[in-house]
Amino acid sequence: MSKYETGRFRHVTVALNTPFKKDGSVDTDAVKAVSRYFRNKGVKQMYVCGSTGEGFLLDTEERMLVTETVVNEVGDDMNIIVHVGCADTRHSAVLAAHAEKVGAAATSAVPCVYYRPSEESVYQHWTQITKAADLPFFIYNIPQLTGFNLSMNLFCRMLENERVAGVKCSSDPAQDILRFKNAGGKDFIVFNGPDEQYVAGRIMGADAGIGGTYGAMPELYMKMDELIGRGEWEKAAQVQAVTTPLIYRLCSFASMHGAVKGIISLDGCPMGDPRLPFLPVALDDPDLVQLYKDIKQTIEDTRDL
C-alpha cells in the first residue's frame with residue numbers, strides 16, 4: 001500500500017508535447033508558454049517527457065531541462081508527473097532523483113525500451129527507480145509499444161512497494177483497468193490510457209486519465225470528467241461519442257505528434273515540429289485547419305451539458 005496521499009492525482013492529465021525550435025533544440029520559452037496555456041484552461045495535472053512528450057527522443061540533459069522548466073513555471077498550480085523511463089536503469093534513476101530535486105509531484109516509467117527483459121528484470125528496474133526518489137511512482141503499462149505486458153503476478157509484487165501509487169493502463173482491454181483497480185484498492189490510482197475509451201475506462205474503475213490527444217482538446221476530457229463526477233454517465237458517453245471521431249482524425253495525419261502540436265499552435269501557442277522520425281504537419285494543411293475548427297465547435301456544443 002502506498003504511503004502517499006493519492007487522492008490529489010485524480011485529474012484529467014495532459015500528456016505534454018515538448019516544443020522545439022527550428023534548429024531542433026528544446027524551446028524553453030515555448031515550454032513555459034504551453035504550460036501556462038494548459039494551466040489557464042483549467043488543467044490540474046500534466047505528464048511530461050512521456051511518449052507524447054517525445055521523451056525517448058530527448059537526451060538526459062534535455063529531459064531534465066523540460067522537467068525543471070515545467071515545474072518552475074506551473075508546479076505550484078499543477079501536479080507534474082515526470083516520466084523517467086530510459087533504456088537503462090541507471091539513467092532512469094538519475095532522472096527520478098532530479099524530478100524530486102526540482103519539486104515534481106511524482107515519477108513514472110515504462111518497463112523497457114527495445115530490449116525484452118524478464119519480469120524479474122522489470123521488477124528490479126522499477127524498484128531501483130523508486131529507491132532513487134521519495135515520490136509517488138506510477139507504473140506505465142503500454143505493451144503495444146514496449147512488448148511487455150504487466151502481469152498480475154508482477155503487479156502484486158510491485159504493490160508491496162510503498163512508493164508505488166498507481167498505474168497508467170494503456171493496454172487495449174478495458175478489463176485490465178478493472179483487474180488493477182480491484183487488486184490495488186480504492187486509494188490506488190489507475191489512469192486510463194486509451195483516449196478513445198476514456199468513459200469506458202472510468203466505468204471499469206479508472207480514477208482519471210492520461211492521454212496524448214488531451215492536449216488538442218482538454219476541454220472535452222474535462223467535460224467528461226465533470227459529468228462523471230456529477231453521476232451523469234449518459235451525458236459523458238455522449239461527449240465521448242463526439243470526441244472519439246476527432247481522435248481518429250488526429251491519428252490520420254503523418255504523425256499524431258505533429259497533428260496535436262499543430263492544433264495547439266493554431267490555438268495561439270506555437271509548438272514547432274516534432275523530432276524525426278515523427279513527421280511534421282503543416283499548419284496550413286486544410287485537413288488540420290478543418291479539424292481545429294471542428295474541435296472548437298465540439299467544445300462549444302458540449303459546453304452546457
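Since this is a predicted model, take the numbers as computed values, not measurements.

Visitor: For the environment of Leu291, give the residues involved together with the corresponding values.
Guide: Tracing the sequence through the fold places Leu291 in helix α12 (residues 286–302). Taking the C-alpha atoms as reference, Leu291 lies 8.0 Å from Leu250; in sequence the two are 41 residues apart. For Leu291, the residues in contact, after removing those within four places along its chain, are Leu246, Arg249, Leu250, Phe253 and Ile263.

Visitor: Which residues make up the packing of helix α2 (residues 60–74) against helix α3 (residues 89–102), and what are the values?
Guide: Put simply, α2 and α3 touch, their axes get as near as 10 Å, and they point 20° apart. It follows that α2 is roughly parallel to α3 by the angle criterion. Crossing angle aside, the handedness with which α2 passes α3 is right-handed. The residues of α3 that touch α2, namely those facing Thr60, Arg63, Met64, Thr67, Glu68 and Val71, are His91, Val94, Leu95, His98 and Val102.

Visitor: Provide a residue-level description of the sheet that holds strand β8 (residues 208–211), including the pertinent values.
Guide: Spatially, β1-β2-β3-β4-β5-β6-β7-β8 is the arrangement adopted by the 8 strands of the closed barrel, whose pairing is parallel. Pairs of neighbouring strands in the sheet enclose a mean axial angle of 25°, with direction left out of account. Examined bridge by bridge, strand β1 (residues 12–15) and strand β2 (residues 45–48) share 3 bridges and lie parallel to one another. Residue Ala15 lies in a different strand from β2, and its bridge partner there is Tyr47. α2 rests against β2 and β3 (79–83) of the sheet, and its axis sits at about 175° to β3.

Visitor: Hey, could you go over the pattern of salt bridges for me, with residue numbers and the actual values?
Guide: Following the criterion strictly, the structure yields 20 salt bridges and no others. With a shortest N-O distance of 2.6 Å, Glu62 and Arg275 are connected by a salt bridge. Of this pair, Glu62 sits in helix α2 while Arg275 sits in the loop between α11 (256–266) and α12, and the two are 213 residues apart along the sequence. We classify Glu62 as buried; its relative accessible area is 16%. Looking at Arg275, the relative accessible area reads 16%, which means it is buried. Across the pair Glu226 and Lys223 runs a salt bridge, and its minimum N-O distance is 3.4 Å. Here Glu226 and its partner Lys223 are both found in helix α9 (residues 218–229), 3 residues apart, which amounts to about one turn of the helix. Residue Lys223 is classed as buried on the basis of its relative accessible area of 8%. Among the ionic contacts, a cluster of salt bridges with common partners joins Lys223, Glu226, Arg230, Glu232 and Lys235.

Definitions and cut-offs
Residues numbered from 1 in each chain as written. Predicted model: local features only at pLDDT ≥ 70, side-chain atom pairs only at ≥ 80, totals over all residues. Heavy atoms only, no water. Helix = DSSP H or I, 4+ residues; strand = E, 2+ residues; numbered from the N terminus. Contact = heavy atoms within 4.5 Å. Axes fitted to C-alpha atoms, helices over the stretch in contact; angles between N-to-C directions. Parallel < 35°, antiparallel > 145°, perpendicular 65-115°, else oblique. Left-handed = near helix turned anticlockwise from the far one by under 90°. Pairing = 2+ DSSP bridges. Salt bridge = Lys/Arg side-chain N within 4 Å of Asp/Glu carboxyl O. Buried < 20%, exposed > 50% of the residue type's maximum accessible area, 1.4 Å probe, protein only.

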